[in-house]
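If you want the building blocks of each chain, they are given just below.
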Amino acid sequence: RCHLLMHDEELQDRIQDYSLRTVTLLKQSDADLKFEIFERLNTGSEPLNDMELRNCVYRGTYNALLKELAEEPDFRALLGLSRADKRMRDVELVLRFASFYHATYLKYTSPMKRFFNQDMERHQNLTPSEAEALKKAFKNALQNIRSILGQEQAFKRYYPGDTSKSGRWEPKKFNASLYDVLMGVLWDKDRNQVMAALDSLREGWIDLMANNSDFREAIERSTSSQEMVRRRFDLTRNLFEGILREHRPQPRCFSRELKQQLFSADPTCAICSQAIS
């Protein structure tokens with residue numbers, strides 16, 4: 001027993017005299033440095049991903065708003081999510097939109113991780129009016145996209161066919177590059193004007209993915225480079241704004257989903273009783 005007590009005392013002395021190296025991060029310390037230190041310390045059994053690290057480093061009203069917006073019903077529906085993602089991937093998608101909304105794609109610089117980090121640092125404690133403006137833009141983009149493409153085809157790739165087969169939609173895989181440009185271009189578009197041009201917007205979008213080689217390259221190769229980001233945003237913006245200029249806002253229009261429901265219920269014209277082809 002004496003031997004055990006002596007052994008315990010020696011261990012206690014060694015622990016008491018052990019030197020611990022610490023690093024103090026001041027409030028004004030560089031945000032990228034804080035993120036890098038958290039990243040290096042993140043060596044547990046299940047390392048945190050980038051968004052989980054941001055959740056630790058950039059706590060504030062902005063971070064809380066991103067989580068709130070990830071719960072929007074239209075957002076969940078278009079992504080096919082029934083509940084919040086445990087690893088905060090859905091929250092990072094909200095941040096993707098917000099970063100381009102704040103800075104615009106014209107001020108984007110790679111890499112994307114740093115671009116998103118800088119946005120969270122810059123807007124960490126955004127004001128209520130700034131939060132309300134972002135929320136309104138986010139919801140408007142989602143509603144426009146849902147009207148044009150519906151739940152199944154939003155943020156999905158369309159592949160052109162050839163002489164032996166028709167084109168096809170990607171059945172499952174979400175495309176972040178398509179998400180960025182659709183959300184980033186449609187957030188400020190008038191809902192009535194979009195509703196008046198639904199078919200033209202949808203057909204133009206499909207044609208852009210299927211037949212524009214510059215656009216296809218911008219969503220396939222070096223997708224996070226400054227050149228490719230600007231190219232796909234420019235092409236999408238020019239397409240949609242060109243179509244919308246030809247359509248005046250109308251107070252009453254039907255969404256594509258409602259048109260499909262009415263057609264499925266009765267594919268005949270209520271005026272002339274002829275079959276609708």
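This structure is a prediction, so every number in the text was calculated from the model and none was measured.

### Examining unusual backbone geometry
Next, step 1: Following Ser 110, the chain continues into Pro 111 via a peptide bond in cis, with omega recorded as 0°.
Next, step 2: With respect to the helices and strands, Pro 111 occurs in the loop between α6 (89-103) and α7 (112-122).
Next, step 3: Even without glycine at this site, Thr 104 takes up a positive phi of about 70°.
Next, step 4: Tracing the backbone through its elements, the reader meets Thr 104 in the loop between α6 and α7.
Next, step 5: Residue Thr 104 is classed as partly exposed on the basis of its relative accessible area, which comes to 34%.
Next, step 6: At Phe 155, a position not held by glycine, the phi torsion is positive, near 65°.
Next, step 7: Relative to the helices and strands, Phe 155 resides in the loop between α8 (128-153) and β1 (158-159).

### Let's talk about the packing of aromatic side chains
Next, step 1: Following the criterion strictly, the structure yields 16 aromatic pairs and no others.
Next, step 2: The interplanar angle of 75° and the centroid separation of 5.7 Å between the aromatic rings of Trp 205 and Phe 215 together place this pair among those described as edge-to-face. Of this pair, Trp 205 sits in helix α11 (residues 198-211) while Phe 215 is found in helix α12 (residues 213-218), placing the two residues 10 residues apart along the sequence. One exposure class covers both Trp 205 and Phe 215, and it is buried.
Next, step 3: Taken together, the aromatic side chains of Phe 100, Tyr 105, Tyr 108, Phe 115, Phe 116 and Phe 233 make up a single cluster linked through ring pairs.

### Topic: the pattern of salt bridges
Next, step 1: Applying the stated criterion across every chain, the model contains 15 salt bridges.
Next, step 2: With a closest N to O distance of 2.7 Å, Lys 189 and Asp 188 form a salt bridge.
Next, step 3: Using a relative accessible area of 10% as the deciding quantity, one classes Lys 189 as buried.
Next, step 4: You can call Asp 188 partly exposed: its relative accessible area is 44%.
Next, step 5: Between Lys 189 and Glu 241 there is a salt bridge, with its nearest N and O atoms 3.4 Å apart. Placement of Lys 189 in the loop between α9 (176-186) and α10 (191-196) and of Glu 241 in helix α13 (residues 226-244) is noted, with a sequence separation of 52 residues between them.
Next, step 6: Through salt bridges with shared partners, a single network forms among Asp 188, Lys 189, Asp 234, Arg 237 and Glu 241.

### Points about the nonpolar core
Next, step 1: Among the nonpolar cores identified, the biggest contains 66 residues, and Leu 66, Phe 75, Phe 138, Ile 145, Phe 155, Met 183 and Trp 205 are the most heavily contacted of them.
Next, step 2: With sequence-adjacent residues up to four places away left out, Phe 75 is seen in contact with Leu 69, Ala 70, Asp 90, Leu 93, Val 94, Phe 138, Leu 142 and Tyr 179.

### Some remarks on α6
Next, step 1: Between its first and last C-alpha, α6 extends 21 Å over 15 residues, near the 21 Å set by a 1.5 Å rise per residue.
Next, step 2: Within α6, 12 of the 15 residues are buried, which leaves it mostly tucked inside the rest of the structure.
Next, step 3: Among the residues making up α6, those that are buried are Asp 90, Val 91, Leu 93, Val 94, Leu 95, Arg 96, Phe 97, Ala 98, Ser 99, Phe 100, Tyr 101 and Ala 103.
Next, step 4: Positive phi shows up at Thr 104, right after α6, with a value of about 70°.

### Quick notes on the packing of α8 against α9
For any two helices packed against each other, the geometry is given by the interaxial angle and the distance between the axes.
Next, step 1: Between α8 and α9, whose axes approach to 8 Å, the crossing angle comes to 115°. The orientation of α8 relative to α9 falls into the category roughly perpendicular. Seen along the crossing, α8 lies across α9 with a hand that is right-handed. Counted together, Phe 138, Asn 140, Ala 141, Leu 142, Asn 144, Ile 145, Ile 148 and Leu 149 of α8 and Tyr 179, Leu 182, Met 183 and Leu 186 of α9 form the full contact between these two elements.

### Details of the environment of Ile 219
Next, step 1: As for its position among the elements, Ile 219 is in the loop between α12 and α13.
Next, step 2: Expressed as a C-alpha distance, the spacing of Ile 219 and Arg 232, which sit 13 residues apart in the sequence, is 7.2 Å.
Next, step 3: Discounting chain neighbours no more than four positions away, the residues touching Ile 219 are Arg 157, Ser 177, Leu 178 and Arg 232.

### A word on the packing of α6 against α7
Next, step 1: Two elements in contact, α6 and α7, have axes whose closest approach is 9 Å; the angle formed by their N-to-C orientations is 75°. It follows that α6 is roughly perpendicular to α7 by the angle criterion. Each of Leu 95, Arg 96, Ala 98, Ser 99, Phe 100, His 102 and Ala 103 in α6 lies in contact with α7, whose residues at this interface are Met 112, Phe 115, Phe 116, Asp 119 and Met 120.
Next, step 2: Residues that form the contact of α6 with α7 fall into these classes: eight nonpolar, two polar and two charged.

### Concerning a negative patch on the surface
Next, step 1: A cluster of acidic side chains, namely Asp 8, Glu 9, Glu 10, Asp 13 and Asp 17, defines a negative patch on the protein surface.
Next, step 2: Relative to the helices and strands, Asp 8 is located in helix α1 (residues 2-16).

Rules of the game
Throughout this document, residue positions are counted from 1 along each chain, in the order its sequence is written. At least 70 in pLDDT is required for a residue's local features to be given in this predicted model, at least 80 for side-chain atom pairs to be given and counted, and no such filter applies to totals for whole chains, interfaces and linings, which use all residues. Each side-chain value is derived from all of the structure's non-hydrogen atoms; neither hydrogens nor water enter the calculation. Labels follow the DSSP assignment, with helices taken as runs of H or I lasting at least four residues and strands as runs of E lasting at least two, numbered in each case from the N terminus. Buried, partly exposed and exposed residues are distinguished by accessible area as a fraction of the type maximum, computed with a 1.4 Å probe on protein chains only: under 20%, between the cut-offs, and over 50%, respectively. Ring geometry is summarised as follows: Phe, Tyr and Trp rings, the Trp one being its six-membered ring, pair when their centres sit within 6.5 Å, and such pairs are stacked at plane angles under 30 degrees, edge-to-face over 60 and tilted between the two. Between Lys or Arg on one side and Asp or Glu on the other, a salt bridge is scored when a side-chain nitrogen of the former is within 4 Å of a carboxyl oxygen of the latter. In these notes, a set of buried Ala, Val, Leu, Ile, Met, Phe, Trp, Tyr and Cys residues joined through side-chain atoms within 4.5 Å is what counts as a nonpolar core. Throughout, a contact is declared for two residues whenever any of their heavy atoms are within 4.5 Å. To estimate how far a helix should extend, the number of its residues minus one is multiplied by 1.5 Å. Every axis corresponds to a line fitted to the C-alpha atoms, with the helix fit spanning only the stretch in contact, and the corresponding angles, defined between N-to-C directions, vary from 0 to 180 degrees. Any angle between 65 and 115 degrees counts as roughly perpendicular, while under 35 counts as roughly parallel, over 145 as roughly antiparallel, and the rest as oblique. Two helices that cross are described as forming a left-handed crossing if the nearer one is turned anticlockwise from the farther one by less than a right angle, and a right-handed crossing if clockwise. Put simply, Ala, Val, Leu, Ile, Met, Phe, Trp, Tyr, Cys and Pro go in the nonpolar bin, Asp, Glu, Lys and Arg in the charged bin, and everything else, Gly too, in the polar bin. Residues enter patches when their relative accessible area tops 30% and they take part in no salt bridge; the joining distance is 9 Å for like charges and 5 Å for the nonpolar side chains Val, Leu, Ile, Met, Phe, Trp and Tyr. Here the accessible surface of atoms and residues is derived via Shrake-Rupley with a 1.4 Å probe, and residues count as covered only by protein chains that are part of the display. Under the counting rule used here, the positive set is Lys and Arg, the negative set is Asp and Glu, and His together with the chain ends is not counted. Here the site of a charge means NZ on Lys, CZ on Arg, CG on Asp, or CD on Glu.

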